Amino acid sequence: MTGTAAAEPTVTTFTSTVDRIDTTAVVLTETYFYAEGGGQPADRGTLSRSH
């Protein structure tokens with residue numbers, strides 16, 4: 001998934017694995033979320049458990 005967010009900007013759902021849960025963060029192994037920085041607003045989203 002690395003680098004594909006820019007190539008596929010219309011993605012609205014994706015599957016990933018939780019790498020770890022820290023005190024204030026859930027760290028995923030891969031993500032489409034765009035980190036805040038360089039004047040670009042951060043993506044926002046929700047996580048849900050697959051069944």
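The sections below set out a description of the structure shown in this document.

Criteria and thresholds
- Position numbers for residues count from 1 along each chain, tracking the sequence in the order it is written.
- At least 70 in pLDDT is required for a residue's local features to be given in this predicted model, at least 80 for side-chain atom pairs to be given and counted, and no such filter applies to totals for whole chains, interfaces and linings, which use all residues.
- Heavy atoms from the whole structure form the basis of all side-chain values; hydrogens and water molecules are not counted.
- Between Lys or Arg on one side and Asp or Glu on the other, a salt bridge is scored when a side-chain nitrogen of the former is within 4 Å of a carboxyl oxygen of the latter.
- Categorising residues by exposure relies on relative accessible area from a 1.4 Å probe, with only protein chains included: less than 20% of the type maximum marks a residue as buried, more than 50% marks it as exposed, and the intermediate range marks it as partly exposed.
- The rule is short: rings of Phe, Tyr and Trp, with Trp giving its six-membered ring, pair when the centres are within 6.5 Å, and they are stacked under 30 degrees, edge-to-face over 60, tilted in between.
- Note on conventions: DSSP H or I runs of at least 4 residues are helices, E runs of at least 2 residues are strands, and numbering of each starts at the N terminus.
- Buriedness of a pocket was judged along seven lines, with at least five required to meet protein on both sides within 12 Å; pockets are open sets of points on a 1 Å grid over the protein atoms alone, cavities are sets where a 1.4 Å probe fits but cannot get out, and lining residues have an atom within 4 Å of a point.
- Grid points are joined across faces, edges and corners, and a volume is the space filled by probe spheres set on the points.
- When residues are sorted by character, Ala, Val, Leu, Ile, Met, Phe, Trp, Tyr, Cys and Pro go into the nonpolar class, Asp, Glu, Lys and Arg into the charged class, and all the rest, Gly among them, into the polar class.

Next up on the list: the pattern of salt bridges. Counting across every chain of the model gives two salt bridges. Here D19 and R20 are joined by a salt bridge, their closest N and O atoms 2.8 Å apart. As a salt-bridge pair, D22 and R20 come within 3.5 Å of each other at their nearest N and O atoms. Overall, the relative accessible area of 37% leaves D22 in the partly exposed class. Owing to a relative accessible area of 41%, R20 belongs among the partly exposed residues under this scheme. Taken together, the shared-partner salt bridges in this structure form one network comprising D19, R20 and D22.

Summed over the entire model, instances satisfying the criterion amount to one aromatic pair. Seen in terms of ring centroids, F14 and Y32 are 5.5 Å apart; in terms of plane orientation they differ by 55°. Their pairing is tilted. One end of the pair, F14, is in the loop between helix 1 (4–7) and strand 1 (18–21); the other, Y32, is in the segment after strand 2 (26–28), with 18 residues separating them in the sequence. Given the relative accessible area of 17%, Y32 is considered buried.

A few words on the layout of surface pockets. The calculated volume of the largest pocket comes to roughly 590 Å³. What lines the largest pocket is a set of 21 residues, and nearest its centre among them are F14, T15, F33, T46 and L47. Split into classes, the residues belonging to the lining of the largest pocket amount to nine nonpolar, eight polar and four charged.

With that settled, the discussion passes to the environment of T15. With respect to the helices, strands and loops of the structure, T15 is situated in the loop between helix 1 and strand 1. Classification of T15 as exposed rests on a relative accessible area of 70%.

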